[in-house]
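# Architecture at a glance
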Amino acid sequence: MPVIRMLSRVVSQMQQSPACGCWLLAVPARFLGTLPRQVQSDASFHSVSFSEIDHPRILITGGLGQLGVGLANFLRKRFGKQNVILSDIRKPPNHIFHSGPFIYSDILDYKHLREVVVNNRITWLFHYSALLSAVGETNVSLARAVNITGLHNVLDVAAEHSLRLFVPSSIGAFGPTSPRNPTPDLCIQRPRTIYGVSKVHAELMGEYYCYRYGLDFRCLRYPGIISADTQPGGGTTDYAVQMFHDAAKNGKFECNLKPTTRLPMMYIDDCLRATLEVMEAPADSLSMRTYNISAMSFTPEELAQEVLKHVPEFQMTYNVDSVRQAIADSWPMNLDDSTARKDWGWKHDFDLPELVTTMMNFHGSDTRVAQAN
Ligand SMILES: NC(=O)c1ccc[n+]([C@@H]2O[C@H](COP(=O)([O-])OP(=O)(O)OC[C@H]3O[C@@H](n4cnc5c(N)ncnc54)[C@H](O)[C@@H]3O)[C@@H](O)[C@H]2O)c1
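To keep things clear, this report deals only with the structure shown in the data block. The model shown is predicted, which means the values in this text are computed figures rather than measured ones.

### Some points on the overall build of the chain
Each helix and strand counted, the chain has 14 helices and twelve strands in total. Considering the chain as a whole, with its 373 residues, one finds that 55% of them fall into the buried category. As presented, the chain carries roughly 16600 Å² of accessible surface, and 53% of it is formed by carbon and sulfur atoms.

### Examining the sheet that holds strand β5 (residues 164–170)
Spatially, seven strands are ordered β3-β2-β1-β4-β5-β6-β10 in an open sheet, and the strand pairing comes out parallel. Looking at strand neighbours, the two that pair on one side only are β3 (102–104) and β10 (290–292), the edges of this open sheet. Across the sheet, the axes of successive neighbouring strands diverge by a mean angle of 20°, strand direction being ignored. Two strands pair when backbone bridges link them, and strand β6 (residues 216–222) and β10 are joined in this way by three bridges, in the parallel orientation. What sits directly across from L220, in β10, is Y291. Packing of helix α7 (residues 140–160) onto the sheet brings it into contact with β4 (124–127) and β5, and relative to β5 it is tilted by some 155°.

### Considering the sheet that holds strand β7 (residues 224–226)
Here we have three strands laid out as an open sheet, ordered β7-β9-β11, and mixed in their pairing. The open sheet terminates on both sides in strands that have one partner only, identified here as β7 and β11 (296–298). Here the strands of the sheet are splayed against their neighbours by 45° on average, with no regard to which way each runs. Note that strand β9 (residues 263–267) and β11 share three bridges and pair antiparallel. When the sheet's bridge partners are listed, L263 is paired in β11 with F298. Its contacts with the sheet place helix α10 (residues 268–280) against β7 and β9, and it is angled at close to 80° to β9.

### Some details on the site of the ligand
Of all residues adjacent to the ligand, which total 26 residues, the nearest are Q66, D88, R90, D106 and Y195. Here an oxygen atom of the ligand and a side-chain polar atom of D88 are 2.7 Å apart. Interatomic distance of 2.9 Å between a backbone N/O atom of I225 and an oxygen atom of the ligand. Calculation on the ligand without its partners gives an accessible area of 840 Å², and the protein chains cover 93% of this total. Contributions of two or more residues to the shell around the ligand are made by β5, α8 (194–213) and β7. The leading source of residues in the shell around the ligand is β5, at three residues. Taken together, the residues of the shell around the ligand break down into 13 nonpolar, nine polar and four charged.

### Let's talk about the side chain of K199
Within the fold, K199 resides in helix α8. A polar contact is formed between the side chain of K199 and the backbone oxygen of P168, at a distance of 2.8 Å. Apart from the residues lying within four places of it in its own chain, the contact partners of K199 are P168, S169, S170 and A173.

### Thoughts on the environment of Q242
Locating Q242 in the fold gives a position in helix α9 (residues 238–250). For the pair formed by Q242 and E254, sequence separation is twelve residues and the distance between their alpha carbons is 9.3 Å.

The rules behind these values
- Residues numbered from 1 in each chain as written.
- Predicted model: local features only at pLDDT ≥ 70, side-chain atom pairs only at ≥ 80, totals over all residues.
- Heavy atoms only, no water.
- Helix = DSSP H or I, 4+ residues; strand = E, 2+ residues; numbered from the N terminus.
- Buried < 20%, exposed > 50% of the residue type's maximum accessible area, 1.4 Å probe, protein only.
- Areas by Shrake-Rupley, 256 points an atom, 1.4 Å probe, with all protein chains shown as cover.
- Pairing = 2+ DSSP bridges.
- Axes fitted to C-alpha atoms, helices over the stretch in contact; angles between N-to-C directions.
- Contact = heavy atoms within 4.5 Å.
- Near = heavy atom within 4 Å.
- Polar contact = N/O pair within 3.5 Å; in protein donor to acceptor, adjacent residues only side chain to side chain.
- Nonpolar A, V, L, I, M, F, W, Y, C, P; charged D, E, K, R; others polar.

Structure representation (structure tokens):
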């Protein structure tokens, strides 16, 4: 077919596609030229074999942060220990190093990233490396490098090797001009942090690679994630994780956000399950490639009230951090995740009372062990 006719057919197919839908079926990668780094993909994800989807070989970047270790454990239970490789630029503690495959991988080193993907026959990539919102504001150039240049490397490697790619976005991808209560999937996004800007960039670039090169990109906007056994990495919602820890250990907590600051939150088990569910969803069930997901929403004072039911002597004081407060004030109070619920059956398990009981049971048992020793 002559190139001009072919392109005009592609353009007309794109015009008929839904605003946020994936044009993948209409625009096969081979029609629109070579991949950005000129390494021709051998196949679009449509030709990835059934067994590769059923038994993926998985790489997790930035895997030693708050979420990566839990994700590795969760995926290893499902796909086998040897099929899930954790990577980071930090040295893993002993128990993580011995719990399954770990390799050094710096996402800023494109050739090495490609070598890791090729040598380990990776088929799914979970891209967790990032500098989070509060930390990003203290080192904008590093945040820009890791969150934007690093993402470009990951996108190119994923497109070249026909990987299924998961990139988490965040409530931080919204800004003060977005509707805040609730925040829909599609609305104005003008964040005022380098973290938020990089997350909007990741959403748009991933969707563009999906349309343009057939990359099987999948993205969830996580709320603040609450985990019991891993430390948060410098985000604005970290206060909630710290409150459980300090309440169990000292019976008191100093909060760096105002008492009425409402933010969407989620327990880590729900977050990891959502991540796997969207990765396993059939491509034709996804009307979008970037989804809000939601579970609960609370303020520091509402969380403290719930903690008080478990630690009656608990006391909370406030020492507001103006940088974090400004970030929180520009973020959604509630996320509308109705499209995720409709398209691929998303449903959360943990509401606020279950979350607090689970967290206090975890930290309570820790404290008792510490006191016994
Ligand atoms: N934790 C949350 O509440 C939350 C909420 C929304 C979105 N997310 C997203 O989920 C992902 C994981 O979050 P997290 O809380 O585990 O983050 P984290 O900050 O705890 O961990 C990020 C990891 O990235 C690694 N890293 C930094 N530079 C790197 C580089 N050049 N190459 C490779 N790795 C590098 C760090 O060493 C760190 O272990 C991030 O993309 C984050 O934006 C997290």
